[in-house]
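# Structural description and commentary
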Amino acid sequence: MENCPRCGERRSGLERFCVNCGWDIAANRKNLVGRWLSGGGCLFALLPIPIAILTTPIGGNMFSTGGDGGGTALFGLLLTLPIGAVAFVVGLVLWINNRTK
Ligand SMILES: [Zn+2]
């Protein structure tokens, strides 16, 4: 059972507006999704960087694509960066759109 994020009134989770204060719960959920999407997209876009660091042995070159570096993981950026960036922008638009309402 979730409570109203604004006044703490208990709710069944089905109604769109809080029965106590009239808070738009559905909009609040969209706001939350936007925040998660932008945060998740940001993390996803940069994911190969910690992987590259972690897979690089001590003293190795992180940018080397040979056997001694995590450079191959950095190529993952080519894939994750655009996807993460799109998720980040979509999430940000959802979030900002909701805040200004
Ligand atoms: Zn409320």
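Reading guide: rules and limits
Residues numbered from 1 in each chain as written. Predicted model: local features only at pLDDT ≥ 70, side-chain atom pairs only at ≥ 80, totals over all residues. Helix = DSSP H or I, 4+ residues; strand = E, 2+ residues; numbered from the N terminus. Rg over C-alpha atoms; globule rule 2.2 N^0.38 Å. Buried ≥ 20, exposed ≤ 12 C-beta atoms within 10 Å, placed from the backbone. Contact = placed C-beta atoms within 7 Å. pLDDT = per-residue confidence, 0-100.

### Re the overall build of the protein chain
Tallying secondary structure elements over the protein chain gives four helices and zero strands in all. Ordered by position from the N terminus, the helices and strands of the protein chain form the series α-α-α-α. Taken against the 2.2 N^0.38 rule, which gives 13 Å for 101 residues, the C-alpha radius of gyration of the protein chain at 20 Å runs more than 25% over that of a compact globule. Dimensions of the protein chain, computed from C-alpha atoms along their principal axes, come out at roughly 60 × 25 × 20 Å. Among the 101 residues that make up the protein chain, the fraction classed as buried is 14%. Within the protein chain, counting contacts between residues at least 6 apart in sequence, those at least 24 apart form 43% of the total.

### Comments concerning the confidence of the model for the protein chain
Averaged over the protein chain, the pLDDT score is 82; the fraction of residues at 70 or greater is 90%. Within the protein chain, no element has a lower average pLDDT than helix H3 (residues 71-74), which sits at 80, and none a higher one than helix H4 (residues 77-99), at 88.

### A few points about the environment of Phe 17
Relative to the helices and strands, Phe 17 is located in the segment before helix H1 (25-46). Residue class for Phe 17 comes out partly exposed when judged on the 14 C-beta atoms lying within 10 Å of it. Sequence-wise, Phe 17 and Asn 28 are eleven residues apart; in three dimensions their C-alpha atoms are separated by 10 Å. Those residues in contact with Phe 17 that sit more than four places away from it in its chain are Gly 22, Trp 23, Asp 24 and Ile 25.

### Digging into the environment of Ala 87
Looking at where Ala 87 falls in the secondary structure, it is placed in helix H4. Judged by local crowding, Ala 87 falls into the buried class, with 20 C-beta atoms found within 10 Å. The spacing of Ala 87 and Pro 48 is 39 residues in sequence and 16 Å in space, taken between C-alpha atoms. Among all residues touching Ala 87, those that are not within four sequence positions of it are Leu 37, Gly 40, Gly 41 and Phe 44.

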